[in-house]
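# Remarks on the overall topology
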Amino acid sequence: MRMGLVSENEQDWVSDIAGYLGAPGPALRLLISVLMAYPFAMIHRAFLYRKSPILQHLFFIGAGSYMGYFNYGDSIIHAYICIFVHWIVVWTCQGSLLSTVCLFIFQMGYLLGEYYLTETAMYDIKWTIPHCVLSLRLIGQAIDVFDGTQREEKLSKGQRETALRTLPTFLEISGHVFYPGSFMIGPQFSLRRYVDFVKGEFSPIGELPASLRAGLKRLLIGLFYVGIYQLGSLVVNNDFITSHNYQSLPFWQRMCVVGLYGKVMLYKYVSCWIVSEGACIVGGGQVRVL
């Protein structure tokens, strides 16, 4: 098994493009994966919206799995392991407080163990990134199932909106986790909202969600921030911040450079989040970040 690696041919073409653009290969691969969510969303809109929920779940699972494999190879197996354990515990314990606590400990322990075993001296883009999103999503599912066992008057307004009164199926759990628009880097949204989306409750019967234009607008904004980050990182980057040239600058200039550096680095994350959000909007989920 090639844990966490991609094939040599795949690595070559991504690395070639990354070298031409002056961008890190893993970062470009992640951006390509996030952009994949747009054609997947368009396919779903065109052929699967309001069709059989089972077909929709299977489509989302397959699409998200491909995105994960494209980035991190056989390390996608960790996602399957955590989903399977989650499903078994939820159905065995019927959403009890014990199951919620046990799943929280398991998911967080698995994630922290991954961080410990794979950490390096550098910030690496690897399979722990989507697995962090997965862990938080599965923990949220467990809490929503537990809320569904409580009397409604005990729940807050937000809890009532996300509580699950029936146990989710394996396909619902997996489709929610692997939804292409949010599998790699988020955003987070509840399983109940995902199920409502699959049922087609976010648009009038017989119509597609009026979200295409808004989603593509978010895509353009996200790509704009990608461009700002790419240009800005040519001027202020890690190498410059740790160089003698930076240390020799007057104090006030160093403070200005640090402020600019922080802003440029922030755009690296903001751009991906906006692009990912746009894919969710195009798909019709009109995701509200929780």
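Residues numbered from 1 in each chain as written. Predicted model: local features only at pLDDT ≥ 70, side-chain atom pairs only at ≥ 80, totals over all residues. Heavy atoms only, no water.

## Let's talk about empty space enclosed by the protein
Put simply, the test is: We place a 1 Å grid over just the protein atoms. Points where a 1.4 Å probe fits but has no way out form a cavity, open points with protein on both sides within 12 Å along at least 5 of 7 lines form a pocket, and any residue with an atom within 4 Å of a point lines it. Grid points are joined across faces, edges and corners, and a volume is the space filled by probe spheres set on the points. Runs of E in the DSSP output that reach at least two residues are strands. Runs of H or I that reach at least four are helices, and both are numbered from the N terminus. All amino acids are sorted into three groups, where Ala, Val, Leu, Ile, Met, Phe, Trp, Tyr, Cys and Pro are nonpolar, Asp, Glu, Lys and Arg are charged, and the leftover types, Gly among them, are polar.
Evaluation of the coordinates by the stated rule reveals 4 cavities of 30 Å³ or more. When its volume is computed, the largest cavity comes out at roughly 90 Å³. Those elements that provide at least two residues to the lining of the largest cavity are helix H3 (53-72), helix H4 (77-93) and helix H6 (128-147). The element that contributes the greatest number of residues to the lining of the largest cavity is H6, accounting for 3 residues. For the lining of the largest cavity, the per-class residue count stands at 7 nonpolar, 4 polar and no charged.

## What about the layout of surface pockets?
Computed from the structure, the largest pocket encloses a volume of approximately 760 Å³. Residue lining of the largest pocket: 33 residues in total, with Leu 30, Ile 125, Lys 268, Tyr 269 and Cys 272 positioned closest to the centre. Contributing elements (two or more residues each) for the lining of the largest pocket: helix H2 (25-48), helix H5 (97-118), H6, helix H10 (212-235) and helix H13 (251-283). For the lining of the largest pocket, the per-class residue count stands at 22 nonpolar, 7 polar and 4 charged. For the second largest pocket, the calculated volume is near 560 Å³. If you go around the second largest pocket, you meet 20 residues; those closest to its centre are Pro 24, Tyr 229, Asn 238, Met 265 and Lys 268. Put simply, the parts of the chain that give the lining of the second largest pocket at least two residues each are H2, H10, helix H11 (238-241) and H13. Residue composition of the lining of the second largest pocket, by class: 12 nonpolar, 5 polar and 3 charged.

## Things to note about the packing of H2 against H13
To be explicit about the condition: Simply put, an axis is a line fit to the C-alpha atoms, just over the touching stretch for a helix, and the angle between two N-to-C directions goes from 0 to 180 degrees. Geometric relationships in this document are graded by angle, where less than 35 degrees denotes roughly parallel, more than 145 denotes roughly antiparallel, 65 to 115 denotes roughly perpendicular, and other angles denote oblique. When checking whether two residues touch, look at their non-hydrogen atoms; a contact exists if any pair is within 4.5 Å.
One can describe the packing of H2 onto H13 by two numbers: an axis separation of 8 Å at closest approach and a directional angle of 5 degrees. Comparing their axes, H13 and H2 come out roughly parallel. Where H2 approaches H13, its residues Val 34, Leu 35, Ala 37, Tyr 38, Ala 41, Met 42, His 44 and Arg 45 are matched on the opposing element by Cys 272, Val 275, Ser 276, Gly 278, Ala 279, Val 282 and Gly 283. Its residues assigned to classes, the contact of H2 with H13 shows 10 nonpolar, 4 polar and 1 charged.

## Considering the side chain of Gln 141
This is how the line gets drawn: Buried means the residue's accessible area, taken with a 1.4 Å probe over protein chains only, is under 20% of the maximum for its type, while exposed means over 50%, and partly exposed covers the values in between. The term polar contact refers here to a pair of N or O atoms within 3.5 Å; inside protein, the definition further demands a hydrogen-donor-capable atom paired with an acceptor-capable atom, and it admits residues adjacent in sequence only when both atoms are side-chain atoms.
Among the secondary structure elements, Gln 141 is positioned in helix H6. Relative accessible area serves as the criterion here: at 1%, Gln 141 is assigned to the buried category. At a separation of 3.2 Å, a polar atom in the side chain of Gln 141 contacts the side chain of His 86. Side chain to side chain, Gln 141 and His 176 meet in a polar contact 2.7 Å long. When neighbours within four sequence positions are excluded, Gln 141 is seen to be in contact with His 86, Leu 164, Ile 173, His 176, Val 177 and Leu 191.

## Concerning the environment of Ser 190
Within the fold, Ser 190 resides in the loop between helix H8 (170-178) and helix H9 (191-198). Judged by relative accessible area, Ser 190 falls into the buried class, the value being 8%. For Ser 190 and Ala 163, which are 27 residues apart along the polypeptide, the C-alpha to C-alpha distance reads 8.9 Å. One polar contact links the side chain of Ser 190 to the main-chain amide nitrogen of Arg 193, over a distance of 3.1 Å.

## Here's the deal with the pattern of salt bridges
Quick note on the threshold: Any Lys or Arg side-chain nitrogen found within 4 Å of a carboxyl oxygen on Asp or Glu counts as a salt bridge.
For the structure shown, the criterion picks out 3 salt bridges. Of the charged contacts, one joins Arg 165 and Glu 152 as a salt bridge, the two residues approaching to 3.8 Å between their closest N and O atoms. Of this pair, Arg 165 sits in the loop between helix H7 (157-162) and H8 while Glu 152 sits in the loop between H6 and H7; the two residues are 13 residues apart in sequence, bridging distant segments of the chain. The exposure class of Arg 165 is partly exposed, given its relative accessible area of 45%. By relative accessible area, Glu 152 is classed as partly exposed at 47%.

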